[in-house]
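# Fold and geometry: a report
Residue-level listing of the chains:
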Amino acid sequence: MMALLKMFLRAFLLLQFAMQFLDGAEPQNCHGGVPGTPGHNGLPGRDGRDGKDGAIGPKGEKGEPGVNGQGTPGKAGPAGPTGDKGERGPPGQPSLPARENIADSLKSEIQHLNAKISMIEKAVSFSTFRKVGQKYYVTDGIEASFDNGMKYCKDFGGVIVLPSTALENQALLKVLVSSGLSNKKQFIRVTDRETEGQFVDTEGKQLTFTNWGPGQPDDYKGAQDCGTITDTGLWDDVGCNGQHPIICEIEIR
Ligand SMILES: [Ca+2]
């Protein structure tokens, strides 16, 4: 039995040797042992380096226009209508120069008021006075010639009275009556000494109002160049050197 097994084994080895020889393989070392079973596959190697950039590809197709794209701003449109005026803002603080101006203005106003008070004090110092608009008609019943009457009134900052409206003429008549001098004609500031028949005021200005009585001015006896007012309110020309009560008008500004 053992002999049979040895023979079988020897035959097997011979057969394998012959097959290797026939396959062209190098003859194994006669002294080598039986080849082992093939090993397992090894692990995958590392990734290689990146390759070079490839060639530029063909140009892509033109894209479609965007939907919400915003263009460049257009030109400014015309100005709109003017808005409503806003409410008045609170008053600002005046600047220093403005405050100085206000101070100067107040100073000037005080001086003006002082002068005005002084004029009023003079006006009301007369026994008869009446406020007519911006003027005071005043009298103490002093009688004088036309020229002296002018000087007298000037001392009080005034002139001989001259009504320039029917209303003022009426006011003057009231003074004439209340002063108790209605039985006498009072001088009014009109004269025709420069040009006979042309009555003007003492500054040579044309009269804007006259109230001559019937037939007046008549230049009676060629010696009547100054005007007076009678107790009816009508005017009459008389001699300038006659003595007549003087009523002054003092303008308060
Ligand atoms: Ca006359």
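Residues numbered from 1 in each chain as written. Predicted model: local features only at pLDDT ≥ 70, side-chain atom pairs only at ≥ 80, totals over all residues. Heavy atoms only, no water.

Per an unreviewed UniProt entry, the protein goes by the name C-type lectin domain-containing protein and belongs to Phoxinus phoxinus.

Bringing the sheet that holds strand E10 (residues 248-251) into the picture now. Reading across from one edge, E1-E2-E10-E4 is the order of the 4 strands in this open sheet, with antiparallel pairing throughout. Both outer strands of the open sheet, strand E1 (128-132) and strand E4 (159-160), are each paired with one neighbouring strand and no more. As paired strands, strand E2 (residues 135-139) and E10 are joined by 4 bridges and run antiparallel to one another. Among the inter-strand pairings, Tyr-136 is bridged to a residue of E10, identified as Ile-250. (Pairing = 2+ DSSP bridges. Helix = DSSP H or I, 4+ residues; strand = E, 2+ residues; numbered from the N terminus.)

Moving on: the nonpolar core. Ranked by internal contacts, the top residues of the largest apolar core, which has 18 residues, are Val-138, Phe-187, Ile-246 and Ile-250. Not counting residues up to four positions away in its chain, the partners in contact with Ile-250 are Met-119, Ala-123, Phe-126, Gln-134, Lys-135, Tyr-136, Val-138, Phe-156, Gly-157 and Gly-158. Core analysis: the second largest hydrophobic core is formed by 16 residues, Val-161, Ala-171, Val-190 and Phe-209 among them. (Core = buried A, V, L, I, M, F, W, Y, C linked by side-chain atoms within 4.5 Å. Buried < 20%, exposed > 50% of the residue type's maximum accessible area, 1.4 Å probe, protein only. Contact = heavy atoms within 4.5 Å.)

Turning our attention to the state of the cysteines. Linking two cysteines covalently through their sulfur atoms gives a disulfide. A full pass over the atoms with the stated rule returns 2 disulfides. With a sulfur-sulfur separation of 1.9 Å, Cys-153 is cross-linked through a disulfide to Cys-248. Across the S-S bond linking Cys-153 and Cys-248, the dihedral sits near -85°, which makes this disulfide left-handed. Residue Cys-153 is located in helix H3 (residues 146-154), and its partner Cys-248 is located in strand E10; the two are separated by 95 residues in the primary sequence. At a sulfur-sulfur separation of 1.9 Å, the disulfide partner of Cys-226 is Cys-240. Handedness here is read from the sign of the S-S torsion; for Cys-226 and Cys-240, about 95°, the answer is right-handed. Separated by 14 residues along the polypeptide, Cys-226 in strand E7 (residues 226-229) and Cys-240 in the loop between strand E8 (235-238) and strand E9 (244-245) bring together distant segments of the chain. Judged by its relative accessible area of 10%, Cys-240 is buried. (Disulfide = S-S within 2.5 Å.)

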